[in-house]
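# Analysis of the macromolecular model
Chain by chain, the residues run as shown.
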Amino acid sequence: MLLTWWRNRRRRKILATPMPAHWKPFLDQHIAPLSRLTSAQRELLYQRVQIFIKEKYWEGCNGFEVTEEVQLLIAGQACLLTVGFASDCFDRLGTVLVYPDTYVAKETLVNSIGVMTEGTSFRLGEAWNQGPIILSWANVLESAENPHDGENVVFHEFAHYYDAIDRQMNGTPPLNSEEEYQRWGEVMTREYDALVEQLRHGHTRFLNPYAATNPAEFFAVCTEHFFEQPHEMRAYSAELYDTLQLFYRQDPAAAD
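Here the residue numbering is sequential within each chain, running from 1 through the sequence in written order. Given that this is a predicted model, residues contribute local features only at a pLDDT of at least 70 and side-chain atom pairs are listed and counted only at 80 or more, while totals for whole chains, interfaces and linings are drawn from all residues. No hydrogens and no water enter the side-chain calculation; it runs on all heavy atoms of the structure.

## Structural notes on the layout of surface pockets
For each structure, a 1 Å grid was placed over the protein atoms alone; sets of points admitting a 1.4 Å probe that cannot get out are labelled cavities, open sets with protein on both sides within 12 Å along at least five of seven lines are labelled pockets, and lining residues have an atom within 4 Å of a point. Grid points are joined across faces, edges and corners, and a volume is the space filled by probe spheres set on the points. Counted as a void, the second largest pocket has a volume near 180 Å³. What lines the second largest pocket is simply Phe85, Asp88, Tyr162, Ile165, Pro174, Leu175, Asn176, Glu180, Leu246, Phe247 and Arg249. Here the lining of the second largest pocket is built from residues that sort into seven nonpolar, one polar and three charged. As a working rule, the residues Ala, Val, Leu, Ile, Met, Phe, Trp, Tyr, Cys and Pro are called nonpolar, Asp, Glu, Lys and Arg charged, and the rest polar, with Gly in that last group.

Below, the structure is given as structure tokens:
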């Protein structure tokens, strides 16, 4: 309770300082999905961007400099996911790490019989349970410049953040009722299995094949398509679209 009071007090102080005049035009120009928001949603997003930028610790990696442009583009895309929620500014997220480009990360893999191997892989971004969000600036910029291709690294990694709020990254974010969990499980499992089956037979229809990696990646990839290609997603599967709409409390297809 005391923590909530302190956080709300700090945020009121942040919002008491007017947002720099050029921030809103920058966000409107460079984050295409903002055009679908109502005026009230857009004002809420501006406020959450202001809080996000001020509250998080930002660090550039491999010599990268985190500028105002970097903060605005990342925070703006991240906060777009939140405008359907009454209160959500990624409270548990403390740090955003930004690399200049695709980066190499160590990884440990365990196969189906329990054999562990260690190696490295190239990454566009990462979201850790209770840890930082890690992003490649080159890919953040590319996502913003191509807002209708269904690929957005910020949407993807912040969907993982939602997924991991309950400390389990399993493709199911926190929901409001047993009924919602049941519906989510039924629809997402059926759609995930259908995608896996399509790929097994060499067919691809709409979703990025990376969604078939596991249920967590399925949710993250679907989030990308939901916000960038809402009409195509609804045509692909109305039930899948409706399930994401109920979670995010947004209807981007209806706004166009």
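Further notes follow.
## Notes on the packing of helix 4 (residues 68-80) against helix 5 (residues 137-145)
Two elements in contact, helix 4 and helix 5, have axes whose closest approach is 11 Å; the angle formed by their N-to-C orientations is 60 degrees. By the angle between their axes, helix 4 is oblique relative to helix 5. Where helix 4 crosses over helix 5, the two elements pack in a sense that is left-handed. In contact with Glu69, Val70, Leu73, Ile74 and Gln77 of helix 4, helix 5 contributes Trp137, Val140, Leu141, Ser143 and Ala144. Among the residues making up the contact of helix 4 with helix 5, the classes are represented as seven nonpolar, two polar and one charged. An axis is simply a line fitted to the C-alpha atoms; with a helix, the fit covers only the stretch in contact. Between two such axes, the angle follows the N-to-C directions and lies from 0 to 180 degrees. Strands here mean DSSP runs of E at least two residues long; helices mean DSSP runs of H or I at least four residues long; both are numbered from the N terminus. When describing relative orientation, an angle under 35 degrees is termed roughly parallel and one over 145 degrees roughly antiparallel, while 65 to 115 degrees is termed roughly perpendicular and anything else oblique. Each crossing gets its hand from how the near helix is turned against the far one by less than a right angle, where anticlockwise is left-handed and clockwise is right-handed. It only takes one pair of heavy atoms within 4.5 Å for two residues to be counted as in contact.

## Thoughts on the packing of helix 3 (residues 39-55) against helix 4
For the pair helix 3 and helix 4, the least separation of the axes is 9 Å and the interaxial angle reads 125 degrees. Here helix 3 lies oblique to helix 4, going by the angle between them. Where helix 3 crosses over helix 4, the two elements pack in a sense that is right-handed. Side by side, helix 3 and helix 4 meet where Leu45, Arg48, Val49, Phe52 and Ile53 of the first sit next to Gln71, Leu72, Ala75, Gly76, Ala78, Cys79 and Leu80 of the second. Considered class by class, the residues forming the contact of helix 3 with helix 4 number nine nonpolar, two polar and one charged.

## Details of the packing of aromatic side chains
For any pair of aromatic rings, geometry is given as the distance between the ring centres together with the angle between the planes. The criterion for an aromatic pair is that two Phe, Tyr or Trp rings (for Trp, the six-membered ring) have centres within 6.5 Å, with stacked assigned to planes under 30 degrees apart, edge-to-face to planes over 60 apart and tilted to the rest. Applying the stated criterion to the full structure yields 25 aromatic pairs. Taking the centre distance of 6.2 Å and the plane angle of 70 degrees together, the rings of Tyr162 and Tyr248 count as edge-to-face. Note that Tyr162 is positioned in helix 6 (residues 153-163) and Tyr248 in helix 10 (residues 238-248), a separation of 86 residues in sequence. For the residue pair Tyr162 and Tyr248, the accessibility class agrees, reading buried in each case. The interplanar angle of 75 degrees and the centroid separation of 5.5 Å between the aromatic rings of Trp184 and Phe219 together place this pair among those described as edge-to-face. Of the two residues, Trp184 is situated in helix 7 (residues 178-200) and Phe219 in helix 8 (residues 215-228); the sequence distance between them amounts to 35 residues. Exposure remark for Trp184: the relative accessible area of 3% places this residue in the buried category. Throughout this description, buried means an accessible area under 20% of the type-specific maximum (1.4 Å probe, protein chains only), exposed means over 50%, and partly exposed covers the range between. For Phe219, a relative accessible area of 0% translates into the label buried. Comment: the charge-over-ring label is applied if NZ (Lys) or CZ (Arg) is within 6 Å of the ring centre and within 35 degrees of the ring normal. Between the NZ or CZ atom of Lys56 and the centre of the ring of Phe52, over which it lies, the distance is 5.6 Å.

## Thoughts on the pairing of strand 2 (residues 95-99)
With four of five residues buried, strand 2 lies mostly within the body of the structure. Where strand 1 (residues 57-60) and strand 2 come together, four bridges link them in parallel fashion. Bridge pairing in strand 2 links Trp58 to Val96. Pairing between two strands requires that DSSP report at least two bridges joining them. Bridge count between strand 2 and strand 6 (residues 133-136): four bridges; the pairing is parallel. Note that in strand 6 the partner of Val96 across the bridge is Ile133.

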